[in-house]
Amino acid sequence: MTATAEGTTFASGTASDPAMAKHDMTLTLRIWRQKGPRDKGRMVTYQVEDISPDMSFLEMLDVLNEKLILAGDDPVVFDHDCREGICGSCGLMINGTAHGRGTSGGPTTTCQLHMRKFKDGDTIDIEPWRATAFPVIKDLSVDRSALDRIIQSGGYISAPTGTAPEAHSILVPKKDSDAAFDAATCIGCGACVAACPNASSMLFTAAKVSHLGLVPQGQPERNDRVVNMVAQQDREGFGGCTNIGECSAACPKGISMENISRLNHDLLGALRAGARPKS
Amino acid sequence: MAKTNSVAKKAVVAVTGIIMILYLIAHMIGNLKVFAGRESFNGYSEWIRTIGEPAVPAQTTLTIIRIVLLTVVIAHFWAVISLWRQAKRARPNGYVTKKAVAQSYASRTMRWGGVIVGLFIIYHILDLTMGVANPEGPDGTPYDRLVAGFSNPFITAVYVLALVLLGMHLRHGIWSATQTLGQSNKRREKTVNLFALVFSVVLIGGFLIVPFSVLFGLVG
Ligand code: HEM
Ligand code: SF4
Ligand code: FES
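Residues numbered from 1 in each chain as written. Chains lettered and ligands numbered in written order. Predicted model: local features only at pLDDT ≥ 70, side-chain atom pairs only at ≥ 80, totals over all residues. Heavy atoms only, no water.

With that out of the way, let us pick up the overall build of chain A. Along chain A, the regular secondary structure elements total ten helices and seven strands. Each of the three principal axes of chain A carries a C-alpha extent, and together these read 65 × 50 × 40 Å. When contacts within chain A are restricted to residue pairs at least 6 apart in sequence, long-range pairs at least 24 apart make up 67% of them. When the accessible area of chain A is evaluated, it comes to approximately 12,700 Å², of which 54% is carbon and sulfur surface. Counting 28 positive and 33 negative side-chain charges, chain A places the averaged centre of each group 7 Å from the other. (Helix = DSSP H or I, 4+ residues; strand = E, 2+ residues; numbered from the N terminus. Contact = heavy atoms within 4.5 Å. Areas by Shrake-Rupley, 256 points an atom, 1.4 Å probe, with all protein chains shown as cover. Lys, Arg positive; Asp, Glu negative; His and termini not counted. Charge placed at Lys NZ, Arg CZ, Asp CG, Glu CD.)

Here is the structure:
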């Protein structure tokens, strides 16, 4: 009973305490259906029954899809892979917030959002990320390769290869390694873009710029990296940042706005030092 | 380069915004001269036009300030419009349902609020600088124009509305400019936002005290 893991507490609670038993839910889903990149797309309403509060949001969609397949309909296409909050592929706009951040009460990915956050009888709107740089492939699935191309435009870092180097040969202050590690936790899910009123990818790019820019190994190419990554994000058709903060609030990894300030600082410094993007 | 670089363009917005803020501080303090009486206020207006005389011809300093401000306003506006269009292109079709999680009212009103402030600036110049839109007309002294204008509750209301919008613009703008110029971090974030709020309230309060004093007959 004193187990701290949420699952354990809940399971023992249901067995002994009827008040804690949560009943299965019936939900109305309004889902964006779009046959392909050129289809106009529309919201379609579905009912799902017997949704357990223990299910994840994606499992709830699995239930819907089984029902659709049995009825001979086209299942709803959505992206997912790890289902444990680390791959970044499962982004959905849920009731108007990225990854259902408005419902979750804390940073989350869609796959880690649980149905216990919803109530029986709720209507849930589900839409894909919307941005010119993220074209819809089908239904809720979008093409996020623009983010990969931003990473690619950052190029390489000069690091010796071969046998593992002596760990103490390059010292990194704890403060810097912590901040670099925080930035490196970005999983490239695109929620920042989806949530941003400008459809800007600044938080993502800033995380990528910071995680290399804060450590000694990232210094030789620091200036070129930032100018090229910013040029690529403009080329991909993302909007510009106006420091509203929706990105950081929606980010499942809590990437902070200070990374955006660091990107700006690096970029302005790099331009002053004469760095120019490759065309 | 600046043509394709949204961050460099945003830096133009920030730097021009800060120059305008510096001007606004001087402008607000200058306005308070109204409490020193008609002679003092008109004398201040005269003084601005004669700084540096006789070393330089009349109005030189004022003309330089005007040219700098006009350039700055145009650059601010140009960069803002081009970023606005970029944002529109980046998401031409919005969500069916979209809810804000973090965004402040001030940050949401930057663009249309800015446009209204811009229109207000034009009206303001026609009203109190040139006098053509003022009840007293272009021939009155600056002090008479000011009193004639703000005695009218409708004109005062226009000023109040525009100044409150400007205050919100600066509340978000100061924080945003700190980010844009790469001077913010987690430790400073709270302080910057608190400063932006206090600064905006004091600045706008300083401006508003003048029309309200006229409206309530404390100055006249
Ligand atoms: C007295 C006049 C004005 C002052 C002092 C001022 C000041 C500022 C400052 C300090 C910023 C922040 C820069 C940054 O984010 O890096 C800003 C941003 C901005 N300004 Fe102004 N501004 C003024 C007039 C205008 C006008 C006339 C417009 C008309 C459209 C405008 C539209 C904007 C927009 C859209 C932004 C960017 C919004 C954002 O960062 O979220 N401003 N302004
Ligand atoms: S910064 Fe956060 S929201 Fe943006 S892609 Fe990375 S993990 Fe996702
Ligand atoms: S499926 Fe991998 S993060 Fe959600």
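The structure having been displayed, the exposition proceeds.
Residue and element names in this part refer to chain B. Helix length check: helix α7 (residues 153-180) (28 residues) gives 39 Å between terminal C-alpha atoms against 40 Å at 1.5 Å per residue, within 8%. The backbone nitrogen of Phe154 has a side-chain oxygen 2.8 Å away, supplied by the residue at the start of α7, namely Asn152. Phi turns positive, to about 70°, at Gly182, one or two residues after α7. (Expected span 1.5 Å × (residues − 1). Polar contact = N/O pair within 3.5 Å; in protein donor to acceptor, adjacent residues only side chain to side chain.)

With that settled, consider the nonpolar core. Counting residues in hydrophobic clusters, the biggest one holds 49 residues, and the most contacted among them are Trp129, Phe134, Phe238, Ile260 and Leu263 of chain A. Broken down by secondary-structure element, the contributors of at least two residues to this core are α4 (145-153), α6 (191-195), α7 (202-213), α8 (222-235), α9 (246-250) and α10 (258-272) of chain A together with α1 (6-31) of chain B. No other element matches α7 of chain A, which puts six residues into this core. By size, the runner-up hydrophobic cluster in this structure holds 27 residues, among which are Met25, Tyr46, Met55 and Met60 of chain A. (Core = buried A, V, L, I, M, F, W, Y, C linked by side-chain atoms within 4.5 Å. Buried < 20%, exposed > 50% of the residue type's maximum accessible area, 1.4 Å probe, protein only.)

The interface is formed by 40 residues belonging to chain B together with 49 residues belonging to chain A. Between chain B and chain A, the buried area comes to about 3,400 Å², and carbon and sulfur atoms account for 51% of it. The interface formed by chain B and chain A contains zero salt bridges. Where chain B touches chain A, the interface holds 33 residue pairs in polar contact (both at pLDDT 80 or more). Of all elements in the fold, only α1, α3 (60-90), α7 and α8 (186-215) of chain B reach the threshold of two or more residues within the side of chain B that touches chain A. For the side of chain B that touches chain A, the leading source of residues is α7 of chain B, giving six residues. Among the residues forming the side of chain B that touches chain A, the class breakdown is 14 nonpolar, 18 polar and eight charged. (Buried area = accessible area lost by both parts, 1.4 Å probe. Salt bridge = Lys/Arg side-chain N within 4 Å of Asp/Glu carboxyl O. Nonpolar A, V, L, I, M, F, W, Y, C, P; charged D, E, K, R; others polar.)

Residues and elements named next belong to chain A. The environment of ligand 2 is formed by Cys186, Ile187, Gly188, Cys189, Gly190, Ala191, Cys192, Leu203, Phe204, Cys251, Pro252 and Ile255. Mapped onto the shell around ligand 2, the elements with two or more residues apiece are α6 and α7. The residue inventory of the shell around ligand 2, partitioned by class, reads ten nonpolar, two polar and no charged. (Near = heavy atom within 4 Å.)

Residues and elements named next belong to chain B. Every protein donor of the iron atom of ligand 1 is accounted for by His76 (NE2) and His169 (NE2), and the metal-donor separations fall at 2.0 to 2.1 Å. Viewed at the metal, the six donor atoms of the iron atom of ligand 1 are separated by angles of 84 to 179°, and the geometry they form is octahedral. Residue His76 is found in helix α3, and its partner His169 is found in helix α7; the two are separated by 93 residues along the sequence. The class of His169 is buried, set by a relative accessible area of 17%. (Donors = N, O, S within 2.8 Å, 3.2 Å for Na, K, Ca; no water. Tetrahedral: all angles 85-135°; square planar, octahedral: opposite > 155°, others 65-115°.)

Residues and elements named next belong to chain A. The residue Arg225 is located in helix α8 in this model. Of the side chains bearing the opposite charge, Glu221 lies closest to the buried Arg225, which forms no salt bridge; the N-O distance is 4.4 Å. Each residue touching Arg225, except ones within four places of it in the same chain, is listed here: Gly154, Tyr156, Ile157, Leu212, Gly213 and Gly218.

The next subject is the side chain of Ser107 of chain B. In this fold, Ser107 of chain B is placed in helix α4 (residues 105-108). For Ser107 of chain B, a relative accessible area of 6% puts it in the buried group. There is a polar contact of 2.9 Å between the side chain of Ser107 of chain B and the backbone oxygen of Ser104 of chain B. Among all residues touching Ser107 of chain B, those that are not within four sequence positions of it are Ile244 of chain A together with His172 of chain B.

We now examine the layout of surface pockets. Of the pockets and cavities examined, the second largest pocket occupies roughly 480 Å³. The wall of the second largest pocket is formed by 17 residues, among which Lys175, Glu258 and Arg262 of chain A together with Ser184 and Asn185 of chain B lie closest to the centre. When residues of the lining of the second largest pocket are traced back to their parent elements, those giving at least two are α5 (174-184) and α10 of chain A together with α8 of chain B. When its residues are assigned to classes, the lining of the second largest pocket shows two nonpolar, six polar and nine charged. (1 Å grid on protein atoms, 1.4 Å probe; cavity = no way out; pocket = protein on both sides within 12 Å on 5 of 7 lines; lining within 4 Å. Points joined across faces, edges and corners; volume = space filled by probe spheres on them.)

What follows covers the site of ligand 1. The immediate surroundings of ligand 1 are formed by 24 residues, with Thr242 of chain A together with His76, His169, Ser176 and Thr180 of chain B found nearest. Flanking ligand 1 are residues from chains A and B. Take His76 of chain B: an N or O atom from its side chain is 2.8 Å from a nitrogen atom of ligand 1. Every element with two or more residues in the shell around ligand 1 is listed here: α1, α3, α5 (110-129) and α7 of chain B. Among the elements that make up the shell around ligand 1, the one with the highest residue count is α7 of chain B (eight residues). Considered class by class, the residues forming the shell around ligand 1 number twelve nonpolar, ten polar and two charged.

Another aspect to go through is the domain arrangement of chain A. How big an interface is tends to be stated in terms of the accessible area lost upon association of its parts. Residue and element names in this part refer to chain A. Entries for chain A in the domain assignment read domain 1 (22-127) and domain 2 (145-156 + 174-272). Distance between the C-alpha centres of domain 1 and domain 2: 29 Å. Summed over both sides, the interface of domain 1 with domain 2 buries roughly 750 Å², with 60% coming from carbon and sulfur. When the area that domain 1 buries against domain 2 is broken down by residue, the three leading residues are Gly88, Ala98 and His99, summing to 39%. Counting the contacts that link domain 1 with domain 2 gives zero salt bridges. There are two residue pairs in polar contact (both at pLDDT 80 or more) connecting domain 1 and domain 2. For the side of domain 1 that touches domain 2, the residue count by class is five nonpolar, five polar and one charged. (Domains from an automatic or database assignment.)

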